[in-house]
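Understanding the architecture of this molecule
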Amino acid sequence: MRGKMPELTIYRDQEEIGCKEIYTEEVVLGSALEGTGILLDAPGVAPHHAKITYNGKDYSIVDLKTESGTFVNDEKILYKNLVEGDVIRIGPFRLHFHAPPETRIVAELDPREPEIPSKASDRERLTLLYQICETIDLIYDPEKLLDKSAELLAGTFDADTTFIGLLHMDGERFDLTVEKAKEKPCPPSSTLIEWVKRNEKAFLTSDATDDKRLKKARSVMMHQIHSTMCAPLFDAGGMMMGIVYLDHRSLSMKFTEEDLRFLVSICKLLSSAITQARRHQHVVSENAALRQKSGRIELIGESPKIKALKREIEIFASRGDSHILLTGETGSGKEMAARMIHQHSRRADKPFITLNCSAIPESMIESELFGFEKWAFTDAKKARRGKFELADGGTLFLDEIGDMSLSAQAKILRAIETGEIQRIGSEEEMHADVRIISATHKDLFEEVRKGNFREDLYYRLCTVEIKIPPLRERREDIELLVKYFIERFKHEIHTNVETISPEALEILRHHDWPGNVRELRQCIERALYCPSGKVLLPEHLPPLRRSREQSEEAPPLPPSTPEGRPPQLKEIIEAAEKRHIEKILRQCGGKKSEAARILNISRYTLDRKIALYDIEL
């Protein structure tokens, strides 16, 4: 007798369809079976697809030379020994392998199930509980909380290595880790940590060096990790948020199942404490950010065009929930206008969510907009809310909507018309109360005429159209913008600059600003690195980008040779390079180190080119 038989829990398209015991030494899986085989009837499954065998010690699976293949833990196999927790994939089926108890060298606990420590009267454990509770009350910084908790756990369990890690939102990498070592630091077993992350269960082994699942773990063999236990941390919603790991590296020291149950209880307290510490940290950061803000969002400028724009925004923002289309050139301030509209609307205390449509690949746009359920596709390891769901009750800003594909436009149109959205992988529809503000630098009506944009969506989005004027049409605002940017960046850059000279300001006023306010901002930010005094001078300004409309002459071509042949490409490039170096040197007042930095070349290279082109300083 082998005791309790191993089991296969069978899923198809994320739905559990049955559980089968393996009670013979050989069982075949396929789509056309008789007798004791396991029937998997679906396209992509061969009549005799794979076979599971038992040799008296181990269970293994072999692929029966199929075209579509057999996979274990998403790796294609011909033959593989099976261990507890392995996931077999055949066609659309996933079969979770559960080994009989005597083949396991681990104790597994689901920390979400209620557990009570076996020896609540143990003095050391009661002391640890008291100290953990005291720590929770006194420490509000997540890193300090983890550090103190790791210290307490290491002392109570006399562990050689104690590790606590908090997971990033992607559920894969750690955002914050704390490690305590009795002697020299040794890394925890990454194989064991990955097992706990994948299975979301606590893990205990009395001898890791003899555990089949850890036989490929280099850290276990290299550092002779013997007894080890690891437990997950869960937030209030049941999502895994971190890991607690302890190990012994001596054969004389072993963790027990009682230790694991006690650790699971500690993890529940610690999870609650971490959640509270994170909330406290978020509130502190939010308050600091609010204190730094100078007040409500405002468009900077006093020109007639910007005043008219502000009036338009206040009218259309506060009198209803009509969808608004913002049009204007790149860098003119469309997102700032959208935030101002939201700020003046009845939705001001609700979320303002943004999505740059041009930055999202077409294959991802639906998941970004509507979200997805766990395992809706291969990489969907956890459910995620989409932009519509996040913006419920508030405003969704769709930037550069003119770059969105026609198929994505159809999906947005349906959401706008019905007010209903559906996550990928879900059959349930949910209501989303969202006001949409869209923006584009394109002529959407012309895009409709060309067939690049849906006419019905255009009229849905363009209930109200607001045009953002380019900076060249409101040059009188340049001085206010410059002063604003100096004040904003001078503390970040640690400069003494307080104002700009009239000559430098005049240069900025006469530029056409093809990049609009964004270009002016970058210009001032870069210029602030140059001066040591309090005034920004013309020579501090970086080279300004020419627009197509500007009438500046192109650099002169080198003259024809005495033979009358036209200049070669190399000669043209050298002439342009010489002219540009001369211009930068003039702007820097002949300071070669500063000119080399602006040109992004070494001082040696600049000296060589000055000599090569015979440039006079």
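Anyway, here's the lowdown on the structure attached to this text. Within any chain, residue numbers begin from 1 and follow the written order of that chain's sequence. Note on the predicted model: pLDDT of at least 70 is required for a residue's local features to be given, and 80 or more for side-chain atom pairs to be given and counted; whole-chain, interface and lining totals, by contrast, use all residues. Side-chain figures throughout are based on the complete set of non-hydrogen atoms in the structure, without hydrogens or water.

Considering the side chain of Thr9
You can see Thr9 is positioned in strand β1 (residues 7-12). The residues touching Thr9, leaving out its near neighbours within four places in the chain, are Glu16, Gly18, Cys19, Arg94, Leu95, His96 and His98. Secondary structure elements follow DSSP: runs of H or I no shorter than four residues count as helices, runs of E no shorter than two count as strands, and numbering proceeds from the N terminus. Residues count as neighbours in contact if any of their non-hydrogen atoms are within 4.5 Å of one another.

As for the pattern of salt bridges
Here, a salt bridge means any Lys or Arg side-chain nitrogen found within 4 Å of an Asp or Glu carboxyl oxygen. Counting across every chain of the model gives 34 salt bridges. Between Glu389 and Arg423 there is a salt bridge, and its shortest N-O distance comes to 2.9 Å. Linking Glu389 in helix α9 (residues 387-390) with Arg423 in the loop between β23 (420-421) and β24 (430-431), this pair joins segments that are 34 residues apart in sequence. Residue class for Glu389 comes out buried when judged on its relative accessible area of 15%. When a residue's accessible area, from a 1.4 Å probe over protein chains only, is under 20% of the maximum for its type it is buried; when over 50% it is exposed; and in between it is partly exposed. Take Arg423: its relative accessible area is 14%, and that puts it in the buried class. Close ionic contact of Glu479 with Arg509 constitutes a salt bridge, the shortest N to O distance being 3.0 Å. In this pair, Glu479 sits in helix α13 (residues 478-493) while Arg509 sits in helix α14 (residues 502-509), placing the two residues 30 residues apart along the sequence.

What to know about empty space enclosed by the protein
Definitions used for this entry: grid spacing 1 Å over protein atoms alone; cavity, a set of points where a 1.4 Å probe fits but cannot get out; pocket, an open set with protein on both sides within 12 Å along at least 5 of 7 lines; lining residue, one with an atom within 4 Å of a point. Grid points are joined across faces, edges and corners, and a volume is the space filled by probe spheres set on the points. Within this structure, the stated rule accounts for one cavity of 30 Å³ or more. Of the voids in this model, the largest cavity is the one considered here, and its volume is about 40 Å³. What lines the largest cavity is simply Arg526, Cys530, Glu539, His540, Leu541, Pro542, Pro543 and Ile598. Basically, the charged four are Asp, Glu, Lys and Arg, the nonpolar ten are Ala, Val, Leu, Ile, Met, Phe, Trp, Tyr, Cys and Pro, and anything else, Gly included, counts as polar. Tallied by class, the residues present in the lining of the largest cavity amount to five nonpolar, one polar and two charged.

Here we look at the sheet that holds strand β25 (residues 435-440)
Only when DSSP finds a minimum of two bridges between them are two strands counted as paired. Read from one edge to the other, the open sheet built from five strands follows the order β19-β22-β25-β18-β26, with strand pairing classed as parallel. Every interior strand has two partners, whereas the edge strands, β19 (352-356) and β26 (464-467), have only one. Strand-to-strand, the axes of this sheet are offset by a mean angle of 20 degrees, without reference to chain direction. In the sheet, strand β18 (residues 324-327) pairs with β26 via four bridges, with the strands oriented parallel. Along β26, the bridge assignment pairs Ile324 with Val464. Contacting β18, β25 and β26, helix α6 (residues 304-318) crosses the sheet at an angle of about 160 degrees to β26. Axis angles are defined between N-to-C directions and span 0 to 180 degrees, where every axis is a line fitted to C-alpha atoms and, for a helix, only to the segment in contact.

Let's talk about the nonpolar core
Across soluble globular proteins, nonpolar side chains have a tendency to be buried as a group. By size, the foremost hydrophobic cluster in this structure holds 32 residues, and its most contacted members are Leu153, Leu233, Val244 and Leu246. Among the elements that make up this core, the one with the highest residue count is helix α5 (residues 257-292) (ten residues). If near-sequence neighbours (up to four positions away) are discounted, Leu153 is found in contact with Leu128, Asp158, Thr162, Ile164, Val244, Leu246, Leu263 and Ile266. In this text, buried Ala, Val, Leu, Ile, Met, Phe, Trp, Tyr and Cys residues form a nonpolar core when linked through side-chain atoms within 4.5 Å. With 29 residues, the next largest nonpolar core counts Ile365, Leu413, Ala432 and Val448 among its residues.

Quick word on the sheet that holds strand β8 (residues 75-77)
Pairing within the open sheet is antiparallel, and its six strands lie in the order β2-β1-β11-β10-β7-β8. Strands with a single pairing partner mark the edges of an open sheet, and in this sheet they are β2 (15-21) and β8. Averaged over neighbouring strand pairs, the angle between their axes works out to 30 degrees when direction is ignored.

What about helix α17 (residues 592-599)?
The set of residues buried in α17 consists of Glu594, Ala595, Ala596, Ile598 and Leu599. Phi for Asn600, located one or two positions after α17, is positive at around 60 degrees.

Some thoughts on the packing of aromatic side chains
Only Phe, Tyr and Trp rings are paired, with Trp represented by its six-membered ring, and only when their centres lie within 6.5 Å; those with planes under 30 degrees apart are stacked, over 60 edge-to-face, the remainder tilted. Taken as a whole, this structure holds twelve aromatic pairs when the rule is applied. Relative to Phe262, the ring of Phe157 has its centre 6.2 Å away and its plane inclined at 55 degrees; by these criteria the two rings are tilted. Here the residue Phe157 occupies a position in helix α2 (residues 142-157), and Phe262 occupies one in helix α5, the gap between them amounting to 105 residues. Across this residue pair, the class does not change: Phe157 and Phe262 are buried. Ring geometry for Phe163 against Phe174: centres 5.6 Å apart, planes inclined by 80 degrees, an arrangement best described as edge-to-face. In this pair, Phe163 sits in strand β13 (residues 161-167) while Phe174 sits in strand β14 (residues 174-181), placing the two residues eleven residues apart along the sequence.

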